[in-house]
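# Observations on chain architecture
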Amino acid sequence: MSPVVELKGVTKKFPGVVALRDMAIQIEPGEVHGLIGENGAGKSTLIKVLTGVYQPEEGEIHVDGERRKFASPQDSQNAGIACVYQELNIVRQLSLTDNIFLNQGIKGPGGLLDYKSMDAKATELLASMGIKADVTKQAAIFGMGVLQMVEIARALLKDAKLIIMDEPTSSLGESEVDELMRVVRELRSRGVAILFVSHKLEELFELCDRVTVMRDGEHILTEDIENMDNDKLIRAMVGRSVENQFPKQDNTPGEVAIEFRGVTSVGKIKNVSFTARYGEILGFAGLVGAGRTETMRCIFGDLPVDAGEVLVDGKSVRIRNPRDAVRKGIAYVTEDRKGQGLVLNQSIADNLILSAFRHVTKGGWLSPSKVHEMSAKSIESLRIKTPNADNLAGKLSGGNQQKVVIGKWINSVSNIYLFDEPTRGIDVGAKVEVYNIMNTLASQGKCIIMVSSELPEVLGMSDRVIVMRGGEVMAEINRDDPKFNEDDIMKAAWGERQEQ
Ligand SMILES: Nc1ncnc2c1ncn2[C@@H]1O[C@H](COP(=O)(O)OP(=O)(O)OP(=O)(O)O)[C@@H](O)[C@H]1O
Ligand SMILES: [Mg+2]
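Bear in mind the structure is a predicted one, so any value in this text is a computation, not a measurement.

Procedures and definitions
- Residues numbered from 1 in each chain as written.
- Chains lettered and ligands numbered in written order.
- Predicted model: local features only at pLDDT ≥ 70, side-chain atom pairs only at ≥ 80, totals over all residues.
- Heavy atoms only, no water.
- Pairing = 2+ DSSP bridges.
- Helix = DSSP H or I, 4+ residues; strand = E, 2+ residues; numbered from the N terminus.
- Axes fitted to C-alpha atoms, helices over the stretch in contact; angles between N-to-C directions.
- Contact = heavy atoms within 4.5 Å.
- Domains from an automatic or database assignment.
- Buried area = accessible area lost by both parts, 1.4 Å probe.
- Salt bridge = Lys/Arg side-chain N within 4 Å of Asp/Glu carboxyl O.
- Polar contact = N/O pair within 3.5 Å; in protein donor to acceptor, adjacent residues only side chain to side chain.
- Phe/Tyr/Trp six-rings, centres within 6.5 Å; stacked < 30°, edge-to-face > 60°.
- Buried < 20%, exposed > 50% of the residue type's maximum accessible area, 1.4 Å probe, protein only.
- Parallel < 35°, antiparallel > 145°, perpendicular 65-115°, else oblique.
- Nonpolar A, V, L, I, M, F, W, Y, C, P; charged D, E, K, R; others polar.

### Concerning the sheet that holds strand S21 (residues 464–469)
Strands sit in the order S16-S19-S20-S13-S21-S22 across an open sheet of 6 strands; the sheet is mixed. The two strands at the open ends of the sheet, each matched to only one other strand, are strand S16 (330–333) and strand S22 (472–478). Each adjacent strand pair in this sheet contributes to an overall mean axis angle of 20°, direction not counted. Pairing of S21 with S22, which is carried by 6 bridges, proceeds in the antiparallel orientation. Directly across from Arg464, in S22, lies its bridge partner Asn478. Across the sheet, helix H15 (residues 428–443) lies against strand S13 (281–285), strand S19 (416–420) and strand S20 (447–451), angled at about 145° from S20, the strand it touches most.

Here is the structure:
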């Protein structure tokens, strides 16, 4: 039996970067094939070669044993390859049916679209994945989980043999992730092959049959997942062992930096109280939608405080907008790198100094040597993968863009740092660098607040954890409390209020 899809000797270059170098991969029918590698290793580029977005300089693509050339995405689709992108390809104003059929609706006699058949087919496709949804409703009213299923349904409609998923779980909540896993297994049992890209090793172990590791654009290994373990995977990815994934240090909390007293932002958070001290890392745990990001936005002046009181350094304050927050020494490393974090059409260096102008000027003018120094330092400490600081931020790989957002705010030299899902999309090796930076900041006496959906990360790095649910604080747990464990935090996150 020949592989459904095979790449041989593929090389793809960008100015100053060899994104793929003599890369090879074979994907068998009906297997879930994991693809993993550091940020900038070339995973997304490989996908774009498979989907006909990029034409490689060298190498061959084979589908069912036959050599093919993809001059366009259409060629790849026609060959039975589909891709569920991280930024979903959904038109929010259109119905689910229209989204599933995009440009290839069923026509009835007279050439008009036959919506009755289309709705029925769309319903059937979703139902075959165990999803019940009114397909005539606008996509806008559905959550990410359902919309992702709509993309998969679109792939099934075209009889895709290979469905590619590029970090599909990064914007899903826990129950949606479970649902996706179930659907992936269902697809596999029907003989569809899945190429699954993720930075979450647990996910790969749970789901994949085989895994391919790449580094610097090259193939490192392909193995049955059962022959691999965490350490082997990490070593193959980063070329060294990562001894301690969570380099927690002992912190001595100082004065209270931020205090919330019964803060309400209507429709977002309700009666939220907590304190965060200088010199400590305060974690915020909870399910997606629990109100953690909203709490950060209240601190950052991005959501109104309708009731209650916010104190900074013991003084009651009104933070009117993000600019006001920055003036008060607050930095917000956001989870939404494209919305608030990064200017994609500016250079990496410009982004890195965006919040740090006063540190790179000389006599009122921007000093090129200071800009260079600051950006070079960030690129090194965060291991941002680029040949040149003057390259556009938008050309970086996803994870490297996130590192620029982090670097930008660290350079701002603030007193209070809000890290919202800081390591989302970042590879294991670079995560440790981010944790080390948090440690350094804490030991310099900064106040660190970290929102994270990764419980190991919350437990690994926080001195104290606040658990939220439905916009309210459910529990506050100290590191030395016996309740400082996954079980008890999950219980609080799902709704058991704990005595404080
Ligand atoms: N359009 C482009 N122009 C210039 N360089 C690019 C372009 N796309 C990707 N690159 C570079 O190619 C390399 C591989 O990038 P790619 O996006 O494939 O990495 P990745 O493995 O998907 O990383 P991540 O885990 O961060 O998503 C990186 O160095 C990246 O900066
Ligand atoms: Mg990528």
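### Here's the deal with the domain arrangement of the chain
Each assigned domain of the chain is listed here: domain 1 (5–238) and domain 2 (277–493). Centre-to-centre, using C-alpha coordinates, domain 1 lies 31 Å away from domain 2. Across the contact, 20 residues belong to domain 1 and 20 residues belong to domain 2. For the pair domain 1 and domain 2, the summed buried surface comes to about 1500 Å²; carbon and sulfur atoms form 48% of the total. Where domain 1 touches domain 2, the interface holds 3 salt bridges. Lys200 is paired through a salt bridge with Glu454; the nearest N and O atoms lie 3.8 Å apart. Linking domain 1 to domain 2 there are 8 residue pairs in polar contact (both at pLDDT 80 or more).

### What to know about the packing of aromatic side chains
Taken as a whole, this structure holds 7 aromatic pairs when the rule is applied. A centroid spacing of 5.2 Å and a plane angle of 80° characterise the contact between Phe274 and Phe284, whose relative ring orientation is edge-to-face. One end of the pair, Phe274, is in strand S12 (residues 269–277); the other, Phe284, is in strand S13, with 10 residues separating them in the sequence. Residue Phe274 shares its accessibility class with Phe284, and that shared class is buried.

### Digging into the pairing of strand S4 (residues 58–63)
Judged from the 5 bridges that link them, strand S1 (residues 5–14) and S4 form a sheet pairing that is antiparallel. The residue of S4 that forms the bridge with Leu7 is Ile61. The sheet contact formed by S4 and strand S5 (residues 66–68) spans 3 bridges and is antiparallel. Paired with Val63 across the two strands is Glu66, which belongs to S5.

### Details of the environment of Leu20
Relative to the helices and strands, Leu20 is located in strand S2 (residues 17–27). Along the backbone, Leu20 and Leu303 are 283 residues apart, and their C-alpha atoms lie at a distance of 43 Å. If we skip the residues at most four places from it in the chain, Leu20 touches Val10, Thr11, Lys12, Gly42, Thr45, Leu46, Val49, Met214 and Gly217.

### Considerations on the packing of helix H4 (residues 115–128) against helix H5 (residues 144–157)
Contact pair H4 / H5: the axes reach a minimum separation of 9 Å and the direction vectors enclose 110°. In this view, H4 runs roughly perpendicular relative to H5, as classed from their interaxial angle. Across the interface between the two elements, Lys121, Leu125 and Leu126 from H4 touch Met149, Val150, Ala153, Leu156 and Leu157 from H5. Taken together, the residues of the contact of H4 with H5 break down into 7 nonpolar, no polar and 1 charged.

### Some remarks on the side chain of Arg464
Inspection of the secondary structure puts Arg464 in strand S21. Among the residues examined, Arg464 registers a relative accessible area of 7% and is labelled buried. Polar side-chain contacts of Arg464 include one of 2.7 Å to the backbone oxygen of Thr275. With near-sequence residues (within four places) excluded, Arg464 lies in contact with Thr275, Ala276, Arg277, Glu280, Ile281, Leu282, Gly283, Glu476, Ile477, Asn478 and Arg479.

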